[in-house]
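Chain and residue survey
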Amino acid sequence: MKIAYLGVKGLPARSGAERTVEAIATRLADRHDITIYCSSRYTPPAASVPGIRLVRMPGLRGKYTHMTSVDFMAACHAVLRGDYDLIHLHHIEAGFVLPLLRLKYPVVSTAHGFAYRLEKWSPFARKLLYMMVSPFIKLSKVVTSVSAKDAAELQTRYQRQVFYVPNGVSLEPAPDVEKARMILAQHGLTYGNTCCS
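Residues numbered from 1 in each chain as written. Predicted model: local features only at pLDDT ≥ 70, side-chain atom pairs only at ≥ 80, totals over all residues. Heavy atoms only, no water.

**Brief notes about the overall build of the chain**
Within the chain one finds seven helices and seven strands. In the chain, the succession of α and β elements from N to C terminus is β-α-β-β-α-β-α-β-α-α-β-α-β-α. Projected onto its principal axes, the C-alpha positions of the chain cover 60 × 40 × 35 Å. Among the 197 residues that make up the chain, the fraction classed as buried is 41%. Counting only carbon and sulfur atoms, one obtains 60% of the accessible surface of the chain, whose full area is about 11800 Å². Between the mean site of the 25 positive side-chain charges and the mean site of the 14 negative ones, the chain shows a separation of 8 Å. (Helix = DSSP H or I, 4+ residues; strand = E, 2+ residues; numbered from the N terminus. Buried < 20%, exposed > 50% of the residue type's maximum accessible area, 1.4 Å probe, protein only. Areas by Shrake-Rupley, 256 points an atom, 1.4 Å probe, with all protein chains shown as cover. Lys, Arg positive; Asp, Glu negative; His and termini not counted. Charge placed at Lys NZ, Arg CZ, Asp CG, Glu CD.)

See the structure below:
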């Protein structure tokens, strides 16, 4: 299967949704043809991930325009030049590209929270971000959320099934228990004791 990921800054992952995509994509790469659209500003030219094609997209500078322009360019590239079986879109605020993507592809969309609730955005930006929720829910073939609470809220509000798919934790490499106990001891703590009452 050919799968493309959109809505993330790129790899190597530094935080958030990028870590989720990196974890999923690297596990699928041995069985599927994986493409990740990413920002050319975020993803170094020499960066590579075994078994994954990174397609770097240019974007406008600026807090409000960078990822919006990268997501738009990625969606245009996917529709005009791509040949995928499935698109996996991340972030509600990338929902504006769904009308374009759905011209050609089934899209699984994953919510990573509600950006329009964050105070870092201006009231106008929050209003625009809120407007992305409806197309995100209504135009996606399947909707998932990394938060059970957000999944329930979206499902209730839009009367549409939203699957809760939590981020996983890799047990490899195994935790260094002795090192962890040493760190606890340096702070006067022992494993299993609570510090606060």
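There is more to say after this.
**Overview of the layout of surface pockets**
Roughly 880 Å³ of volume is contained in the largest pocket. Residues that form the lining of the largest pocket fall into these classes: 16 nonpolar, eleven polar and seven charged. (1 Å grid on protein atoms, 1.4 Å probe; cavity = no way out; pocket = protein on both sides within 12 Å on 5 of 7 lines; lining within 4 Å. Points joined across faces, edges and corners; volume = space filled by probe spheres on them. Nonpolar A, V, L, I, M, F, W, Y, C, P; charged D, E, K, R; others polar.)

**Considerations on the packing of aromatic side chains**
If you walk through the whole model with that rule in mind, you get five aromatic pairs. Ring geometry for Tyr-64 against Trp-121: centres 5.5 Å apart, planes inclined by 50°, an arrangement best described as tilted. Residue Tyr-64 is located in the loop between β3 (52-57) and α2 (66-81), and its partner Trp-121 is located in the loop between β5 (107-111) and α4 (123-131); the two are separated by 57 residues in the primary sequence. An angle of 45° between the planes, with centres 5.8 Å apart, marks the rings of Tyr-84 and Tyr-105 as tilted. Taken together, the positions of Tyr-84 in the loop between α2 and β4 (86-90) and Tyr-105 in the loop between α3 (98-101) and β5 put the pair 21 residues apart, joining distant regions of the chain. Look at Tyr-105 and you get buried, because its relative accessible area is 3%. (Phe/Tyr/Trp six-rings, centres within 6.5 Å; stacked < 30°, edge-to-face > 60°.)

**A few points about the environment of Phe-114**
Along the chain, the position of Phe-114 falls in the loop between β5 and α4. Residues Phe-114 and Val-133 lie 19 residues apart in sequence; the distance between their C-alpha atoms is 8.7 Å. Discounting chain neighbours no more than four positions away, the residues touching Phe-114 are Ile-92, Asp-150, Glu-153, Leu-154 and Arg-157. (Contact = heavy atoms within 4.5 Å.)

**Considerations on the sheet that holds strand β7 (residues 162-164)**
Taken in spatial order, the seven strands line up as β3-β2-β1-β4-β5-β6-β7 in an open sheet, and their pairing is parallel. Since the sheet does not close on itself, it has two edges, and those belong to β3 and β7, each with one partner. When strand polarity is set aside, the average angle formed by the axes of neighbouring strands in this sheet is 25°. For strand β2 (residues 33-39) and β3, the ladder comprises six bridges, and the chain directions are parallel. (Pairing = 2+ DSSP bridges. Axes fitted to C-alpha atoms, helices over the stretch in contact; angles between N-to-C directions.)

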